[in-house]
Amino acid sequence: MTETLFSADLHLRHKFMAELRGWSREAVEEHDDWLIDAWNATVTRRDTVWFLGDFTFAKKAESPKLFAALNGSKHLIVGNHDPAHVRNLPW
């Protein structure tokens, strides 16, 4: 069975957000790995996810890798922290 799910505000590669969530700024990659693992434990490859903005603060070259690591058919509703390189991912 496929599901339609909603998510927002991952803020991957955002050191301050990692810190707010209990991680150190230096552990932002571990924080992101934890978020990706939690996502993939919930979302299957067949599921549809509507992402409600603020996906990543990663650089342009790294964003596709983070996007691809997440299960599901993803669709973006642009948030105020979604630059052009995020909006241009294969949502």
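The coordinates are above.
The following refers to the structure shown. (Residues numbered from 1 in each chain as written. Predicted model: local features only at pLDDT ≥ 70, side-chain atom pairs only at ≥ 80, totals over all residues. Heavy atoms only, no water.)

### Re the sheet that holds strand E2 (residues 48-51)
The sheet built from three strands is open, its strands ordered E1-E2-E3 with parallel pairing. The open sheet terminates on both sides in strands that have one partner only, identified here as strand E1 (4-7) and strand E3 (73-76). Strand after strand, the sheet turns through a mean of 25 degrees between neighbouring axes, direction not considered. Both E1 and E2 contribute to a ladder of four bridges, which runs parallel. Counterpart to Thr4 in the pairing with E2 is Thr48. (Pairing = 2+ DSSP bridges. Helix = DSSP H or I, 4+ residues; strand = E, 2+ residues; numbered from the N terminus. Axes fitted to C-alpha atoms, helices over the stretch in contact; angles between N-to-C directions.)

### Quick word on the packing of aromatic side chains
The tally for this structure, following the rule as stated, stands at seven aromatic pairs. On the numbers, 6.2 Å between centres and 50 degrees between planes, the contact of Trp23 with Trp34 is tilted. Pair noted here: Trp23 is in the loop between helix H1 (15-20) and helix H2 (28-42) and Trp34 is in helix H2, with a separation of 11 residues, a long-range link. With a centroid separation of 6.3 Å and 75 degrees between ring planes, the pair formed by Phe55 and Phe67 is classed as edge-to-face. You can see Phe55 sitting in the loop between E2 and helix H3 (63-69) and its partner Phe67 sitting in helix H3, a full 12 residues away along the chain. Accessibility assignment for this pair places Phe55 and Phe67 in one class, buried. (Phe/Tyr/Trp six-rings, centres within 6.5 Å; stacked < 30°, edge-to-face > 60°. Buried < 20%, exposed > 50% of the residue type's maximum accessible area, 1.4 Å probe, protein only.)

### Comments concerning the side chain of Thr56
One can find Thr56 in the loop between E2 and H3. In this structure the side chain of Thr56 is engaged in a polar contact, spanning 2.9 Å, whose partner is the backbone oxygen of Leu12. If we ignore the near neighbours within four places in the chain, the residues touching Thr56 are His11, Leu12, Arg13, Ser63, Leu66, His81, Asp82, Pro83 and Val86. (Polar contact = N/O pair within 3.5 Å; in protein donor to acceptor, adjacent residues only side chain to side chain. Contact = heavy atoms within 4.5 Å.)

### Overview of a nonpolar patch on the surface
The grouping of Phe6, Trp50, Leu52 and Ile77 at the surface amounts to a nonpolar patch, some 400 Å² of accessible area in total. As for its placement among the helices and strands, Trp50 is situated in strand E2. (Patch = residues over 30% accessible without salt bridge, like charges linked within 9 Å, V, L, I, M, F, W, Y side chains within 5 Å. Areas by Shrake-Rupley, 256 points an atom, 1.4 Å probe, with all protein chains shown as cover. Salt bridge = Lys/Arg side-chain N within 4 Å of Asp/Glu carboxyl O.)

### Considerations on the pattern of salt bridges
Evaluation of the coordinates by the stated rule reveals three salt bridges. Put simply, Arg13 and Asp32 hold a salt bridge, and the shortest N to O gap is 2.6 Å. Here Arg13 is found in the loop between E1 and H1, whereas its partner Asp32 is found in helix H2, with 19 residues between them in sequence. Residue Arg13 shares its accessibility class with Asp32, and that shared class is buried. Of the charged contacts in the structure, one is a salt bridge between Arg13 and Glu62, with a shortest N-O distance of 2.7 Å. Remark: Glu62 occurs in the loop between E2 and H3 and Arg13 occurs in the loop between E1 and H1; sequence separation between them is 49 residues. Salt bridges sharing common partners tie together Arg13, Asp32 and Glu62.

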